[in-house]
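# Descriptive analysis of the structure
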Amino acid sequence: QVQLVESGGGLVQPGGSLRLSCLVSGSIFSIYTMGWYRQAPEKQRELVATIASDGITNYADSMKGRFTISRDNAKNTVYLQMNSLKSEDTAVYYCNADIAGSSRIVRKYWGQGTQVTVSS
């Protein structure tokens, strides 16, 4: 069983910062690409950023320069540092990861999401 658990969401004022974390636990053989997605009310889930196992990153254009994705492979954790937050960043943020479990089969797993609200 593999689990992804996000933390770090909350309420922040415009211009503020938050750091999200996502811990992967369970029967893990290897973790490949990890990423963050978000879903605002009445909108489709969208890509925020991804990071490959070698550290190569990819960002949605609207997040470049404000958000930074990183990972700590020793801790099976991916982070999202969010700066200069705007009201339009309000959404539920989900982490995901391509993981080979004890069966060695690679599957995509999702966390349960963490709410980020940007409001004064």
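Attention in this report is confined to the structure presented alongside it. (Residues numbered from 1 in each chain as written. Predicted model: local features only at pLDDT ≥ 70, side-chain atom pairs only at ≥ 80, totals over all residues. Heavy atoms only, no water.)

Right, let's talk about the sheet that holds strand β8 (residues 77-82) for a bit. Strand order in the open sheet formed by 4 strands is β1-β3-β8-β7, and the pairing between neighbours is antiparallel. Only two strands of the sheet have a single neighbouring strand rather than two, namely β1 (2-7) and β7 (67-72). Across this sheet, the average inter-strand angle for adjacent strands is 15°, counted without regard to direction. (Pairing = 2+ DSSP bridges. Helix = DSSP H or I, 4+ residues; strand = E, 2+ residues; numbered from the N terminus. Axes fitted to C-alpha atoms, helices over the stretch in contact; angles between N-to-C directions.)

Counting across every chain of the model gives 1 aromatic pair. Its end group placed over the ring of tryptophan 110, arginine 45 keeps NZ or CZ at 4.7 Å from the ring centre. Across the ring face of phenylalanine 29, the terminal group of arginine 104 is positioned such that the distance to the ring centre comes to 3.8 Å. (Phe/Tyr/Trp six-rings, centres within 6.5 Å; stacked < 30°, edge-to-face > 60°. Lys NZ or Arg CZ within 6 Å of the ring centre and 35° of its normal.)

Another aspect to go through is a nonpolar patch on the surface. On the surface, a cluster of nonpolar side chains totalling about 290 Å² of accessible area is made up of Phe29, Tyr32 and Val106. Examined against the element boundaries, phenylalanine 29 turns out to sit in strand β4 (residues 28-39). (Patch = residues over 30% accessible without salt bridge, like charges linked within 9 Å, V, L, I, M, F, W, Y side chains within 5 Å. Areas by Shrake-Rupley, 256 points an atom, 1.4 Å probe, with all protein chains shown as cover. Salt bridge = Lys/Arg side-chain N within 4 Å of Asp/Glu carboxyl O.)

Right, let's get into the nonpolar core. Soluble, globular proteins show a tendency: their nonpolar side chains are buried together. By size, the foremost hydrophobic cluster in this structure holds 30 residues, and its most contacted members are Leu4, Trp36, Leu80, Met82 and Tyr93. Looking at this core, the elements with two or more residues in it are β1, β3 (18-26), β4, β5 (46-51), β7, β8, β9 (91-101) and β11 (114-118). The contact partners of tyrosine 93, leaving out residues within four places of it in the chain, are Glu6, Leu20, Trp36, Tyr37, Arg38, Val48, Phe67, Leu80, Met82, Gly113, Thr114 and Val116. (Core = buried A, V, L, I, M, F, W, Y, C linked by side-chain atoms within 4.5 Å. Buried < 20%, exposed > 50% of the residue type's maximum accessible area, 1.4 Å probe, protein only. Contact = heavy atoms within 4.5 Å.)

Interpretation in functional terms is not warranted from these geometric data alone.
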